[in-house]
Amino acid sequence: MAALHNLSTDSLLNHMTKHPQKHGVSADGTIAKTSTASSRPISVLFVCLGNICRSPMADAVFRSLTASDQRLGQIDSCGTGAYHEGDSPDPRTMSMLQDNGIVDYEHSARKIQVADFDTFDYILGMDNENVHDLLRLKTRVLKNKHAGLNKDKLSAKVMLFGDFGGKKGEQVADPYYGENNGFAVAYEQMERFSTGFVSEVLDAPK
């Protein structure tokens, strides 16, 4: 979804606090590992605006490419907005997944929750605005000690998913209002970024 980008941090936090869910996250900013191989599996959360196009596609592709990888824990996706909460992914996203052999993916859109910032190890935004909103939220969560997260540091690293794609700063354009080609471009990026994440995070020398 491409519209309604002028969300306030307070409105996001208010929704997150009033509508807690049992989903997790973790945040910071560099490619250092937050979960070591000797501790626990790494959990990943993919984030876009409405959680019906880009982030569920990233979630599905990543799951497909890393199926049965014991180094990974919880994998999920969400949005910074609640515009489509409870909805299934955009039919064009589902069609693109099915065209590439991913036929069993199911998801209900949800908005990011306060608890996500302490459950997941990586929170990966699809574009710079997603990352900006997530970092701002993380700062506010820490400052205001929301939802009982009474700690000085949260575990999640907030990053741009495209930083794992071979060229730093690559963003995934929102295909919501565009042609189907936008979904094909996004799919290629999801595969490339997912492969890069595995290489840089999971397969990197310890």
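Residues numbered from 1 in each chain as written. Predicted model: local features only at pLDDT ≥ 70, side-chain atom pairs only at ≥ 80, totals over all residues. Heavy atoms only, no water.

A. Molecular detail of the UniProt feature "active site" (unreviewed entry) in the protein. The residues that UniProt annotates with the feature "active site" (unreviewed entry) are Cys 48, Arg 54 and Asp 174. Of the residues just listed, which span 127 residues, no C-alpha pair is farther apart than 8.5 Å, and they cluster in one region. Examined against the element boundaries, Cys 48 turns out to sit in strand E1 (residues 42-48). When residues no more than four places from it in sequence are discounted, the contact partners of Cys 48 are Arg 54, Ser 55, Cys 78, Gly 79, Thr 80, Met 126 and Asn 130. In this structure, Asp 174 sits in the loop between strand E4 (157-160) and helix H6 (181-202). Classification of Asp 174 by relative accessible area gives partly exposed; the value is 22%. One polar contact links the side chain of Asp 174 to the main-chain amide nitrogen of Tyr 176, over a distance of 3.0 Å. (UniProt positions renumbered as here; feature names shortened; annotations may be inferred. Helix = DSSP H or I, 4+ residues; strand = E, 2+ residues; numbered from the N terminus. Contact = heavy atoms within 4.5 Å. Buried < 20%, exposed > 50% of the residue type's maximum accessible area, 1.4 Å probe, protein only. Polar contact = N/O pair within 3.5 Å; in protein donor to acceptor, adjacent residues only side chain to side chain.)

B. Summary view of the pattern of salt bridges. For the structure on display, the rule yields twelve salt bridges. Several salt bridges converge on common partners, so that one network encompasses Arg 54, Asp 127 and Asp 174. (Salt bridge = Lys/Arg side-chain N within 4 Å of Asp/Glu carboxyl O.)

C. Quick look at H6. If you check H6, its first and last C-alpha atoms are 31 Å apart, about what 22 residues at 1.5 Å a residue would give, namely 32 Å. Every buried residue belonging to H6 is among Phe 183, Ala 186, Tyr 187, Gln 189, Met 190, Phe 193, Ser 194, Gly 196, Phe 197, Val 198, Val 201 and Leu 202, and all of these are buried. (Expected span 1.5 Å × (residues − 1).)

D. Spatial organisation of the sheet that holds E4. In spatial order, the strands read E2-E1-E3-E4; together these four strands make up an open sheet with parallel pairing. The two strands at the open ends of the sheet, each matched to only one other strand, are strand E2 (72-79) and E4. If you compare each strand with its neighbour and ignore which way they point, the axes differ by 20° on average. Here E1 runs beside strand E3 (residues 122-125); their pairing, made up of four bridges, is parallel. Of the residues in E3, the one forming a bridge with Leu 45 is Ile 123. Across the sheet, helix H2 (residues 54-65) is in contact with E1 and E2; its angle to E2 comes to roughly 165°. Of the strands in this sheet, E1, E3 and E4 are in contact with helix H5 (residues 128-144), which crosses E4 at around 165°. (Pairing = 2+ DSSP bridges. Axes fitted to C-alpha atoms, helices over the stretch in contact; angles between N-to-C directions.)

E. Quick peek at the pairing of E4. Alternating positions in E4 separate into two faces, Lys 157 and Met 159 on one and Val 158 and Leu 160 on the other, with burial throughout. Where E3 meets E4, four bridges bridge the pair, whose relative direction is parallel. Directly across from Leu 124, in E4, lies its bridge partner Met 159.

F. Broad picture of unusual backbone geometry. In this structure, Asn 51 takes a positive phi of about 65° despite not being glycine. Note that Asn 51 resides in the loop between E1 and H2. With a phi close to 70°, Ser 68 is a non-glycine residue in the positive phi region. Note on placement: Ser 68 falls in the loop between H2 and E2. Under the relative-accessibility criterion, Ser 68 is labelled exposed at 68%.

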